[in-house]
There are 2 protein chains.
Amino acid sequence: MGHLPFQRLQVELTNLIASLPTESRLPSEPVLARELGVSRSTLREAMRSFETQGLIRRKQGVGTFVIGEVPVIDSGMEVLESIETSAGRIGLSVSTDSLKVERLSADAEWAGVLDVPIGNALTRVSRVILTDERPVAYLVDTLPESILSQEDLITGFTGSVLDLLLRRGSPRLVSSRTEIKAVNATAEVAHMLEIQRGDVLLNFTASLYSTAGRVIDHSFSYFLPGYFSFHVNRRVG
Amino acid sequence: MGHLPFQRLQVELTNLIASLPTESRLPSEPVLARELGVSRSTLREAMRSFETQGLIRRKQGVGTFVIGEVPVIDSGMEVLESIETSAGRIGLSVSTDSLKVERLSADAEWAGVLDVPIGNALTRVSRVILTDERPVAYLVDTLPESILSQEDLITGFTGSVLDLLLRRGSPRLVSSRTEIKAVNATAEVAHMLEIQRGDVLLNFTASLYSTAGRVIDHSFSYFLPGYFSFHVNRRVG
DNA sequence: CAGTGGTCTAGACCACACG
DNA sequence: GTGTGGTCTAGACCACTGA
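Remember, predicted model here, so these are calculated numbers, not experimental data.

1. As for the interface of chain B and chain A
Chain B puts 42 residues into the contact, and the matching count from chain A is 43 residues. The junction of chain B with chain A conceals about 3900 Å² of combined surface from both sides, 53% of it contributed by carbon and sulfur atoms. Considering only the side of chain B, the residues that lose the most area to chain A are B:Ile180, B:Arg234 and B:Val236, jointly responsible for 21% of the buried surface there. Remark: the boundary between chain B and chain A carries two salt bridges.

This is the structure:
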């Protein structure tokens, strides 16, 4: 009956995961593969989507664990707000990890994106968002140093560049143009989010504008599906 | 220095694909794997993202081909419009394939979603969108038969349920609530889109509302990344 | 150290297109 | 039939965790 190992596997894994209590550990991959009558490769492939859905968590050197209810961070796309704000609305506290602030020089491409001369100093802030120890988003903000310098980040920086700019009040922000894509995790992003290379991610590429129509900030955001719910109300043409 | 076969592979494949003319065929997988000094599994894994980006096209039993410039269908999320309309704006003609119309009975879940009694007759329209022979989107619309019957679809149905409802003018439509996700292709969807199971897709789940606030239609849409560009302007809270 | 998940290999067999 | 991409296997080795 082994005609469709994969689809059968998905069903059996679904049942197995549902039958186990939260936080419990699955059998190791070699053992589980033997029990289910498939090779380890096939088992791992089937497990992929379960992790991006937030149903299990794999930790290298430790094991694979069942996750219970995932607190889904809900956010409407009409309004731009930080993940901290979205999470706060559902009473979820998130933390920032792997915060990195870099100073770099604008090459031709970045000069074009941010509308500054080539060679201008830029500030780049990258960070990982955690909910309950789980990395769920990776964010990279790039903006002119004249707008945000490393010194600005010393005091009272919680992690969100957007929240910092809003709190400071200048320059005044009005809107962001956001492009929505689905991507495979690159090796770098996979490492930051503790997932596997090639796993599916939701990606936003956004430019933030001031009232003067200037580009204030450019950001790449990568979200683990299963932990977020983005929605939008579209009017009929 | 084969310490990072995969990352090196990505670079070499990028160069190889860029160096070949449009429509040309790549060497077969066993040959190419040997030439690049990796196993076939690794080669195929690395090729995955190239296909979802629209850079190559794999055809079972035929070969793997280089795609040139992909016409990207650009669409703003503020306004709901059919893919035909979005494609038309950039002068691209798309066609419908694998059109299937089903009649089914509302179970408890669908009754709740569409706000009809359990057991009510429903119409389901599923189809694949092609651009230049390439399946790029898979759409499934489900709605009460009282709103759209199979007879309504006999004459002048181009494929888009939305366009048909708009042309008919009743019921009057106002908006849609759309949820945005990134997913792995299921076996079924992968087959319809001629991609591999597990490949990354952008997914919209939407409910369409009438002026009376009734749910008129529920749809699942799956898009191949690389062929679409969805964007939204977000205002600052 | 032993045991876990992460990566990669070599090869088998299947499904499909085309001559 | 021949050759292609699609699936699956068995096993090796690495990277990491924790006792």
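Following the structure, the description resumes.
2. What about helix α1 (residues 5-19) of chain B?
An α-helical turn contains 3.6 residues, so a residue and the one three or four places further along point in the same direction. Residue and element names in this part refer to chain B. Given a rise of 1.5 Å per residue, 15 residues ought to cover 21 Å, and the 21 Å separating the end C-alpha atoms of α1 matches this to within 8%. Where α1 is concerned, the buried positions are Phe 6, Leu 9, Leu 13 and Ile 17. Buried residues of α1 fall within an arc of 60 degrees about the axis and therefore sit on the same side. In this structure, α1 carries Ala 18 and Ser 19 as exposed residues pointing more than 90 degrees from its buried face. Elements in contact with the buried residues of α1: α2 (29-36), α3 (40-52), β1 (56-59) and β2 (63-66).

3. Describing the protein's contact with DNA strand D
Within the structure, DNA strand D sits among 25 residues, and A:Thr42, B:Glu29, B:Arg40, B:Arg44 and B:Arg197 are positioned closest to it. Counting only atoms of DNA strand D within 4 Å of the protein, the sugar-phosphate share comes to 67%. Take A:Phe6: an N or O atom from its main chain is 3.5 Å from a phosphate oxygen of DNA strand D. B:Gly61 is positioned with one of its backbone polar atoms (N or O) 3.1 Å from a base nitrogen of DNA strand D. Those elements that place two or more of their residues in the surface near DNA strand D are α1 (5-19) and α3 (40-52) of chain A together with α3, β1 and β2 of chain B. No other element matches the three residues that α3(A) contributes to the surface near DNA strand D. For the surface near DNA strand D, the class distribution of residues is five nonpolar, twelve polar and eight charged.

4. Some details on the relation of the copies chain B and chain A
Each copy of the sequence occupies a distinct position, and chain B is placed on chain A by a rotation of 180 degrees and an axial shift of 0.0 Å, giving an RMSD of 0.0 Å. The relationship between the two copies is best expressed as a two-fold rotation axis. Taken as a fraction of all interface residues of chain B, those also at the interface in chain A reach 100%, which identifies the copy contact as same-surface.

5. As for the domain arrangement of chain A
All names here are of chain A. On domain assignment, one finds that chain A holds domain 1 (5-66) and domain 2 (73-231). Relative to domain 2, the C-alpha centre of domain 1 lies at a distance of 32 Å. Every contact between the two is made by eight residues of domain 1 and, on the other side, 13 residues of domain 2. Carbon and sulfur atoms make up 34% of the surface buried where domain 1 meets domain 2, a total of about 860 Å² over both sides.

6. Looking at the packing of helix α2 (residues 29-36) of chain A against α3(A)
All names here are of chain A. Viewed as axis vectors pointing N to C, α2 and α3 meet at an angle of 100 degrees, and their least axial separation amounts to 9 Å. Taken together, α2 and α3 sit at an angle that is classed as roughly perpendicular. Residues Glu 29, Pro 30, Leu 32, Ala 33 and Leu 36 of α2 form the contact with α3, whose own contacting residues are Arg 40, Leu 43, Arg 44 and Met 47. For the contact of α2 with α3, the class distribution of residues is six nonpolar, no polar and three charged.

7. A short note on the nonpolar core
A:Ile180 and B:Ile180 are the most contacted members of the largest nonpolar core, which has 67 residues in total. Apart from residues lying up to four places away in sequence, B:Ile180 is in contact with A:Met77, A:Ile180, A:Leu202, A:Phe230, A:Val232, B:Met77, B:Leu202, B:Asn203 and B:Phe204.

8. Considering the packing of aromatic side chains
Taken as a whole, this structure holds twelve aromatic pairs over all chains when the rule is applied. Ring geometry for A:Tyr138 against A:Tyr222: centres 6.3 Å apart, planes inclined by 20 degrees, an arrangement best described as stacked. Of this pair, A:Tyr138 sits in strand β7 (residues 134-144) while A:Tyr222 sits in strand β10 (residues 215-223); the two residues are 84 residues apart in sequence, bridging distant segments of the chain. A residue is classified by how much of its surface remains accessible, and A:Tyr138, at 5% relative accessible area, is buried. By the ring-pair criterion, three or more aromatic residues cluster together here, those being A:Phe204, A:Phe223, A:Phe228 and A:Phe230. When the ring centre of B:Phe6 is taken as origin, the NZ or CZ atom of A:Arg197, which lies over that ring, is 3.5 Å away.

9. Focus: the protein's contact with DNA strand C
Around DNA strand C, a shell composed of 25 residues is seen, among which A:Glu29, A:Arg40, A:Arg44, A:Arg197 and B:Thr42 lie nearest. In the interface set of DNA strand C, defined as its atoms within 4 Å of the protein, sugar plus phosphate atoms amount to 65%. A:Arg40 is positioned with one of its side-chain polar atoms (N or O) 2.5 Å from a base nitrogen of DNA strand C. In the environment of DNA strand C, a phosphate oxygen lies 2.8 Å from a nitrogen or oxygen atom belonging to the backbone of B:Ser39. Counting residues per element, the surface near DNA strand C draws most heavily on α3(B), which supplies three residues.

10. Let's talk about the pairing of β10(A)
Residues and elements named next belong to chain A. Of all nine residues that make up β10, eight are buried, and the element is covered over most of its length. Looking at chain direction, β7 and β10 are connected through six bridges and run antiparallel. Considered in β10, the bridge of Val 140 is made with Phe 220. Of the strand pairs in this sheet, strand β9 (residues 200-210) and β10 are connected by eight bridges, and their pairing is antiparallel. Considered in β10, the bridge of Leu 202 is made with Phe 223. The turn linking β9 back onto β10 is made up of four residues, and Gly 213 within it adopts a positive phi angle of 80 degrees.

So, how was this worked out
Residues numbered from 1 in each chain as written. Chains lettered and ligands numbered in written order. Predicted model: local features only at pLDDT ≥ 70, side-chain atom pairs only at ≥ 80, totals over all residues. Heavy atoms only, no water. Contact = heavy atoms within 4.5 Å. Buried area = accessible area lost by both parts, 1.4 Å probe. Salt bridge = Lys/Arg side-chain N within 4 Å of Asp/Glu carboxyl O. Helix = DSSP H or I, 4+ residues; strand = E, 2+ residues; numbered from the N terminus. Expected span 1.5 Å × (residues − 1). Buried < 20%, exposed > 50% of the residue type's maximum accessible area, 1.4 Å probe, protein only. Arc of directions from axis to C-beta. Near = heavy atom within 4 Å. Polar contact = N/O pair within 3.5 Å; in protein donor to acceptor, adjacent residues only side chain to side chain. Nonpolar A, V, L, I, M, F, W, Y, C, P; charged D, E, K, R; others polar. Least-squares fit on C-alpha atoms with pLDDT ≥ 70 in both. Domains from an automatic or database assignment. Axes fitted to C-alpha atoms, helices over the stretch in contact; angles between N-to-C directions. Parallel < 35°, antiparallel > 145°, perpendicular 65-115°, else oblique. Core = buried A, V, L, I, M, F, W, Y, C linked by side-chain atoms within 4.5 Å. Phe/Tyr/Trp six-rings, centres within 6.5 Å; stacked < 30°, edge-to-face > 60°. Lys NZ or Arg CZ within 6 Å of the ring centre and 35° of its normal. Pairing = 2+ DSSP bridges.

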